[in-house]
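Architecture and fold: a report
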Amino acid sequence: MTQPAEILNQLANDGLLRSLRTLDSAPGVTITRGGRQLLNFPPNDYLGLAGHPALAAALIDGVRHYGAGATAPRLVCGSHPPHQQLEKLLAEAKQTEAALTFSSGFAVAIGAIPAIVGKGDVIMLDKLSHACLVDAARLSGATLRVFPHNDLRKLRRLLAGVRARSAGARVLVATEAVFSMDGDVCPLRELVDLTEQHDALLWLDEAHAVGVMGGQGMGLAEAEGLQGRIAFQMGTFSKALGLAGGYLAAPRGWIDLLVNRARSFIYSTAPPPALAHAVIVAVELVRSAEGLRLRQRLGENIRLFRNSLGMDEVRSTPIQAISLGSNDAALAASATLEQDGLWVPAIRYPTVPRGTARLRVSLSAAHPPAAIHRLAAALCPLSPRHPIH
Ligand SMILES: *Cc1c(COP(=O)(O)O)cnc(C)c1O
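Residues numbered from 1 in each chain as written. Predicted model: local features only at pLDDT ≥ 70, side-chain atom pairs only at ≥ 80, totals over all residues. Heavy atoms only, no water.

Annotation of the protein at the domain level lists domain 1 (4-40 + 289-379) and domain 2 (53-286). Between domain 1 and domain 2, the C-alpha centre-to-centre distance is 26 Å. Taken together, the contacts link 18 residues of domain 1 with 19 residues of domain 2. Summing the contributions of domain 1 and of domain 2, the shared interface buries around 1,200 Å²; its carbon and sulfur component is 59%. Across the contact surface, domain 1 and domain 2 share one salt bridge. With a closest N to O distance of 2.9 Å, Arg-358 and Asp-182 form a salt bridge. (Domains from an automatic or database assignment. Contact = heavy atoms within 4.5 Å. Buried area = accessible area lost by both parts, 1.4 Å probe. Salt bridge = Lys/Arg side-chain N within 4 Å of Asp/Glu carboxyl O.)

Okay, here's the thing in structure tokens:
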């Protein structure tokens, strides 16, 4: 039997070893680690809400009202008012009949997808889908088909093939609104048309779009006016919303079924009600005039970053991936930036396909322009030749 040490040695030889490093400060635009101050490009905190005083105050207020923990799953201990208020708010904001919250985005996928499709059904996934969608698809027992990234022609062929064989099978197509490691966007309108034409259900993971896109910051579906035509809209409170937890917005019948069938909901202790109380404040903030201002600031930072590196401005997401190919090249680039006082993580297999290791820059509304200039100057020797988009 292979011992853990041998596996770890092999990972180290391949430049794929990961380890945890201690952070000596709160997350933010500057962090302290190993006694050094670093300018941070905090993964996913696109609006700077993780450090927002209103959210910290709401958490404290929530603990005073509802205590520290939920003590049991909601079906056992009862549903705390903040969970229900949050679900009502999400359903209204996402323009769906209902919503259900889970302890994480990962838990949404692995709980809900196997409750929606199973043996005899088909699930189709974009090649670059997040690990939680892949694991959920495998767990479901449905036949898994993977289509090349954003390849609508291939997806159309797969859908037509399934429908030719079986008119009645349940078919779920799952993809991301903003892809987490590439930062590009799915062709949502075409996906909605295609799934409708083939009587398939669409699952949209809005993890990196909520807070960032749409007039009210509710994501790509809102931005495109398509919320009413998507069966399942999932998202997380852990990225732009700065907190933790996940949600699924969907028609009432499906949500009622998930309360009965989604195992990560049924058999897992509810998130602290205080957290749900704070998430309500975060969602309201994102939809407010302040949220709009933060999105405008974020847009200015994205433009500034791309202009500074001579890249075009077509992209509008805060995830900027710089391809370096090999694991060693990505790790070396990240280490060089760290010596310059900048923290930009290297992303490697299995998070991204082999041979596509990269630096993943995550821009935030909280970055002052000087921070963007400093990063762009440090990246200049690398990036103009290697932007992924
Ligand atoms: C982060 C992420 C998730 C998981 O959300 P958590 O709340 O962190 O568990 C799901 N999908 C995508 C695309 C993500 O980036």
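Take Ser-180: it is sitting in the loop between strand 6 (171-176) and helix 8 (188-197). Using a relative accessible area of 7% as the deciding quantity, one classes Ser-180 as buried. (Helix = DSSP H or I, 4+ residues; strand = E, 2+ residues; numbered from the N terminus. Buried < 20%, exposed > 50% of the residue type's maximum accessible area, 1.4 Å probe, protein only.)

In this section: the pairing of strand 7 (residues 201-205). Most of strand 7 is tucked away: four of the five residues are buried. Examined bridge by bridge, strand 6 and strand 7 share five bridges and lie parallel to one another. Each residue of the ladder has a partner; that of Val-173, found in strand 7, is Leu-202. Regarding topology, helix 8 serves as the crossover connection from strand 6 to the parallel strand 7, and that connection is right-handed. The sheet contact formed by strand 7 and strand 8 (residues 232-236) spans three bridges and is parallel. Considered in strand 8, the bridge of Asp-205 is made with Met-234. (Pairing = 2+ DSSP bridges. Right-handed = clockwise from strand over helix to strand, strands pointing away.)

Bringing the packing of helix 13 (residues 289-308) against helix 15 (residues 369-379) into the picture now. In a pair of packed helices, the angle between the axes and the distance between the axes together describe the arrangement. Closest axis-to-axis distance for the helix 13/helix 15 pair is 9 Å, and the angle between their directions is 30°. Considering the angle they form, helix 13 stands roughly parallel to helix 15. Where helix 13 crosses over helix 15, the two elements pack in a sense that is right-handed. Counting all contacts with helix 13, which are made through Asn-301, Leu-304, Phe-305 and Ser-308, the residues of helix 15 involved are Pro-369, Ile-372, His-373, Leu-375, Ala-376 and Leu-379. (Axes fitted to C-alpha atoms, helices over the stretch in contact; angles between N-to-C directions. Parallel < 35°, antiparallel > 145°, perpendicular 65-115°, else oblique. Left-handed = near helix turned anticlockwise from the far one by under 90°.)

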